[in-house]
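Single-letter residue listing:
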Amino acid sequence: IKESGTYVLQENVMYKGHHSAIKVKANNVTVDLNGFSITISKRRANGILAKNISNITLQNGSIIDDSKQQWAADIDLMNVNQASIQNISTIGNRNGLSIAQSNNVQVQNSNFSQAKQSAVLFDQSTNITFDNDMFADSNNGLMASGANENLIITNSNFPTAMFSNLLVQQVDGMMIENSTFGNQ
């Protein structure tokens, strides 16, 4: 996607390439999966990659990694300023959602599960908010790596993880409210 605008998926997509099913290179983009799913079949493929942009919304669908060797992210945000992720489900891949060097990311009403490393991984990012989300059945539910600032988690559920439901290596300013953590 090289131009601003709203892009709406019209059917389920099976992506058999090695890069990204959807690559966002423009500012001010909404990707509405419209209740459909993107299924990834190659081990190093991303479902959605957004890099060096501002103001993106991802909403209303699923990204599923169907490969046997998961080495990428279902959603990969790199150096993104202002992102909204709503009503998204990720299943599989190395990380369900990867946020790196990004600012002002809000994630609401989404489910991240069965990731090989972390359901959600964020690194060197600021002002990250999770509300009413689930992080399940992955090695780590949510992992904060590197220097991060201002993490807010509310009304979220961490039912199961292989190693840690919440693994925080470095965060300056963190609030967790009305969230549940299951036994490991």
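Keep in mind that what you see is a predicted model, and the values were worked out from it rather than measured.

## With respect to the overall build of the chain
(1) Moving on: Along the chain, the regular secondary structure elements total zero helices and 19 strands.
(2) Moving on: The C-alpha radius of gyration of the chain comes to 15 Å, within 12% of the 16 Å expected for a compact globule of 184 residues.
(3) Moving on: In terms of its C-alpha atoms, the chain occupies a principal-axis envelope of roughly 40 × 35 × 25 Å.
(4) Moving on: The buried share of the chain, reckoned over its 184 residues, is 47%.
(5) Moving on: Sequence separation of 24 or more characterises 50% of the internal contacts of the chain that already satisfy a separation of 6 or more.
(6) Moving on: Working note: accessible area of the chain is about 8,500 Å², and carbon and sulfur atoms make up 42% of it.

## Examining the packing of aromatic side chains
(1) Moving on: Counted by the stated rule, this structure contains five aromatic pairs.
(2) Moving on: Relative to phenylalanine 181, the ring of phenylalanine 158 lies with its centre 4.6 Å away and its plane at 10°, an arrangement referred to as stacked. Linking phenylalanine 158 in strand E16 (residues 157-158) with phenylalanine 181 in strand E19 (residues 180-181), this pair joins segments that are 23 residues apart in sequence.
(3) Moving on: Residue classification places phenylalanine 158 among the buried positions, given a relative accessible area of 0%.

## Let's talk about the pairing of strand E11 (residues 118-123)
Look at any regular strand and the pattern is simple: side chains alternate between the two faces of the sheet.
(1) Moving on: Counting buried residues in E11 gives five out of six residues, a clear majority hidden from the surface.
(2) Moving on: Alignment of strand E8 (residues 95-100) against E11, held across five bridges, turns out to be parallel. In the strand pairing of E11, isoleucine 99 is matched with phenylalanine 122.
(3) Moving on: Bridge count for E11 against strand E14 (residues 138-145) is five bridges, and the pairing is parallel. Counterpart to aspartate 123 in the pairing with E14 is serine 145.

## What about a nonpolar patch on the surface?
(1) Moving on: Taken together, Val168, Met174, Ile176 and Phe181 make up a surface patch of nonpolar side chains, about 300 Å² in accessible area.
(2) Moving on: Counting through the fold element by element, methionine 174 comes out in strand E18 (residues 171-177).
(3) Moving on: For methionine 174, a relative accessible area of 36% corresponds to the partly exposed category.

## Re unusual backbone geometry
(1) Moving on: Even without being glycine, asparagine 109 reaches a positive phi, approximately 50°.
(2) Moving on: The phi torsion at aspartate 137 lies on the positive side, around 55°, for a residue other than glycine.
(3) Moving on: With respect to the element layout, aspartate 137 can be found in the loop between strand E13 (134-136) and E14.
(4) Moving on: Judged by relative accessible area, aspartate 137 falls into the partly exposed class, the value being 48%.

## Structural notes on the pairing of E8
(1) Moving on: In terms of residue burial, E8 counts as a mostly covered element, since five of its six residues are buried.
(2) Moving on: Pairing analysis gives five bridges linking strand E7 (residues 73-91) to E8, with the strands arranged parallel. Each bridged residue has a counterpart across the sheet, and for methionine 78 the counterpart in E8 is alanine 100.

Cut-offs and rules
- Residues numbered from 1 in each chain as written.
- Predicted model: local features only at pLDDT ≥ 70, side-chain atom pairs only at ≥ 80, totals over all residues.
- Heavy atoms only, no water.
- Helix = DSSP H or I, 4+ residues; strand = E, 2+ residues; numbered from the N terminus.
- Rg over C-alpha atoms; globule rule 2.2 N^0.38 Å.
- Buried < 20%, exposed > 50% of the residue type's maximum accessible area, 1.4 Å probe, protein only.
- Contact = heavy atoms within 4.5 Å.
- Areas by Shrake-Rupley, 256 points an atom, 1.4 Å probe, with all protein chains shown as cover.
- Phe/Tyr/Trp six-rings, centres within 6.5 Å; stacked < 30°, edge-to-face > 60°.
- Pairing = 2+ DSSP bridges.
- Patch = residues over 30% accessible without salt bridge, like charges linked within 9 Å, V, L, I, M, F, W, Y side chains within 5 Å.
- Salt bridge = Lys/Arg side-chain N within 4 Å of Asp/Glu carboxyl O.

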